[in-house]
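Listed below are the residues making up each chain.
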Amino acid sequence: MDKIPDQIGYLVLTEDGAVLESGGELENDERIATIITDLITLSNEVDSVAFGPSENFKKISITFDDHWYIICLSNKKIYVVKRNIHTPLRESNEINV
């Protein structure tokens, strides 16, 4: 997980939300682990008529202005990575005051 480009934190959780591994800004962050687990539970309970009863998510991305979270399920574990978003530099010589 440490080798993911622009990664500033990560969590590996059990399906119940217990932290197995963590690092960076998310090290031992039980609050984020709980939020992620609740989000997964909510996403699995969304309209079963529209999505089908056995159709669960594969990946969830949550984007903020300067960072984003990627959440994936694999081998009965929840992987969460927090990454920086790089904004392109302005090409003009404008000065913002």
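Anyway, here's the lowdown on the structure attached to this text. (Residues numbered from 1 in each chain as written. Predicted model: local features only at pLDDT ≥ 70, side-chain atom pairs only at ≥ 80, totals over all residues. Heavy atoms only, no water.)

Turning to the packing of aromatic side chains, a few remarks are in order. Under the defined criterion, the tally for this structure stands at one aromatic pair. Measuring from ring centre to ring centre gives 6.0 Å for Phe 64 and Tyr 69, while their planes differ by 80 degrees; the resulting arrangement is edge-to-face. (Phe/Tyr/Trp six-rings, centres within 6.5 Å; stacked < 30°, edge-to-face > 60°.)

It is worth spelling out the pattern of salt bridges at this point. Evaluation of the coordinates by the stated rule reveals one salt bridge. A salt bridge links Lys 82 to Glu 25; the nearest nitrogen and oxygen atoms lie 2.7 Å apart. Of the two residues, Lys 82 sits in strand β5 (residues 77-84) while Glu 25 sits in the loop between β2 (19-24) and α1 (30-44), which places them 57 residues apart along the sequence. Note on Glu 25: relative accessible area 49%, which makes it partly exposed. (Salt bridge = Lys/Arg side-chain N within 4 Å of Asp/Glu carboxyl O. Helix = DSSP H or I, 4+ residues; strand = E, 2+ residues; numbered from the N terminus. Buried < 20%, exposed > 50% of the residue type's maximum accessible area, 1.4 Å probe, protein only.)

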